[in-house]
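# Close look at the chain arrangement
In case you want the letters, here they are:
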Amino acid sequence: LAAAPQPAPRAPRLRAIGFGDIGEALKRGWRDFLRAPLYGLFFGGVFALGGIAIYLLLVVYDAPWMIIPLAIGFPLIGPFVAAGLYEVSRRLATGTPLSWRAVLVTVFRQRERQLGWMAFVVLFIFWVWLYQARILLAIFMGFSAPSSLDKFLAVVVSTQSGLSFLAVGTLVGLVLALVLFAVTVFAMPMLLDTEVDFVTATVTSLRAVLASPLPMLGWGVVVTALTLVALAPMFLGLFVILPVLGHATWHLYALAKEPAAAPSGAPAAAA
């Protein structure tokens, strides 16, 4: 007899969160970083060194002005980079042995799961951001962009066309960042935690954000502010800020996740 088909995995239910949950998530994220600092520094270092490499390439190819949209857009791929941090936090929370092999193998295996598809969504929005920045530059400032970062900043802050470019670019970037934040903030840790498809994960994440708009907007502001602070010293602040935010994101997801209902007829857990 053929085996009965297994029901498709269902996405966990996410409750509305409050500002207290955000503070608790940050506290737990900092605690996880202190408990496993080498893992945090490693994953944060990968991200920081990637940012430095991009900046150097822009300088070599005489396009230093692109460091501004890259610096703002680059952190948007952070959730995927932080997959290793989610795994570290999950193991610390469950008491599962923590090792480099276990963490890196788990991250490497994500290419065979739905998290790989989610990465395409993140990267697509990231590239849309870069292209719209280039288009807006051509519209407001022409095709002869300043050849140095200093000259570019001077034109942006001292001319009408530069201020218009800055205003419209910031607005468009904000919209893209909000969309990306809403569909990934819970979807990324969920895809590491469960076997649901990435469409279900993104829809569940979006619904959870809409259920707690003000607290989640506050979380987005915290993430943006801390990331911009970390970018200031040539991306080096990401060695610490990124791992803390990665651990905290996992804990925010864990706090929002409602316990799975016990199967019908199963004995209730002891208090």
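Okay, so let's go over this structure. (Residues numbered from 1 in each chain as written. Predicted model: local features only at pLDDT ≥ 70, side-chain atom pairs only at ≥ 80, totals over all residues. Heavy atoms only, no water.)

Here the focus is the packing of aromatic side chains. Across all of its chains, the model carries six aromatic pairs by this definition. Each residue in the set Tyr39, Phe42, Phe43 and Trp100 is aromatic and connected to the rest through ring pairs, giving one cluster. (Phe/Tyr/Trp six-rings, centres within 6.5 Å; stacked < 30°, edge-to-face > 60°.)

Let us look at the nonpolar core. By size, the foremost hydrophobic cluster in this structure holds 46 residues, and its most contacted members are Leu14, Met118, Val185, Phe186, Met216, Trp219 and Leu252. Contact partners of leucine 252, with chain neighbours within four places excluded, come to Ile17, Asp21, Ile22, Ala25, Phe186, Met216 and Trp219. Ala48, Ile52, Leu231 and Leu242 belong to the second-largest nonpolar core, a separate cluster that totals eight residues. (Core = buried A, V, L, I, M, F, W, Y, C linked by side-chain atoms within 4.5 Å. Buried < 20%, exposed > 50% of the residue type's maximum accessible area, 1.4 Å probe, protein only. Contact = heavy atoms within 4.5 Å.)

Here the focus is the pattern of salt bridges. Under the criterion given, the structure shown has eight salt bridges. Among the salt bridges present, the one from glutamate 87 reaches arginine 91, with a minimum N-O distance of 2.7 Å. With glutamate 87 and arginine 91 both in helix H5 (residues 83–94), this residue pair falls four residues apart, about one helical turn. Taken together, the shared-partner salt bridges connect Glu24, Lys27 and Arg28 into one network. (Salt bridge = Lys/Arg side-chain N within 4 Å of Asp/Glu carboxyl O. Helix = DSSP H or I, 4+ residues; strand = E, 2+ residues; numbered from the N terminus.)

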